[in-house]
Amino acid sequence: MALATTYAYEAVPPGAGVPSTDPDVLADAARHFTADLDLARAYGEKARQAAPDRYGLGRLLRDWDEVLTAVAA
């Protein structure tokens, strides 16, 4: 679950969370995850897989290499 502000809709891939600004949607998601631990695990696994590709050190270093290469050209 994530409060759907700023970048949350882009940051949370499908199946990895429930971004919303609606408290009822967030509460419903919390109920579903606590009632269905396999669902919660599946969402968590999807989020853990997506995070390093999007926000890990490797991604940061690749992005910086691209910037520095573009500036040096």
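Preceding this paragraph is the structure being described.
To start, this report covers the structure provided alongside it. Just so it is clear, the structure is predicted and the values come from calculations on it, not from any experiment. (Residues numbered from 1 in each chain as written. Predicted model: local features only at pLDDT ≥ 70, side-chain atom pairs only at ≥ 80, totals over all residues. Heavy atoms only, no water.)

1. Quick notes on the packing of helix H2 (residues 23–35) against helix H3 (residues 37–55)
Here's step 1: At a minimum axis separation of 5 Å, H2 and H3 run at an interaxial angle of 110°. Between H2 and H3, the angle is such that the two are roughly perpendicular. On H3, the residues touching His32, Phe33, Thr34 and Ala35 of H2 are Leu37, Leu39, Ala40 and Tyr43.
Here's step 2: Looking at side-chain class alone, the contact of H2 with H3 contains six nonpolar, two polar and no charged residues. (Axes fitted to C-alpha atoms, helices over the stretch in contact; angles between N-to-C directions. Helix = DSSP H or I, 4+ residues; strand = E, 2+ residues; numbered from the N terminus. Parallel < 35°, antiparallel > 145°, perpendicular 65-115°, else oblique. Contact = heavy atoms within 4.5 Å. Nonpolar A, V, L, I, M, F, W, Y, C, P; charged D, E, K, R; others polar.)

2. Concerning the side chain of Ser20
Here's step 1: Within the element layout of this structure, Ser20 appears in strand E2 (residues 19–20).
Here's step 2: Within the local environment of Ser20, its side chain forms a polar contact with the backbone nitrogen of Asp22, the two atoms lying 3.0 Å apart. (Polar contact = N/O pair within 3.5 Å; in protein donor to acceptor, adjacent residues only side chain to side chain.)

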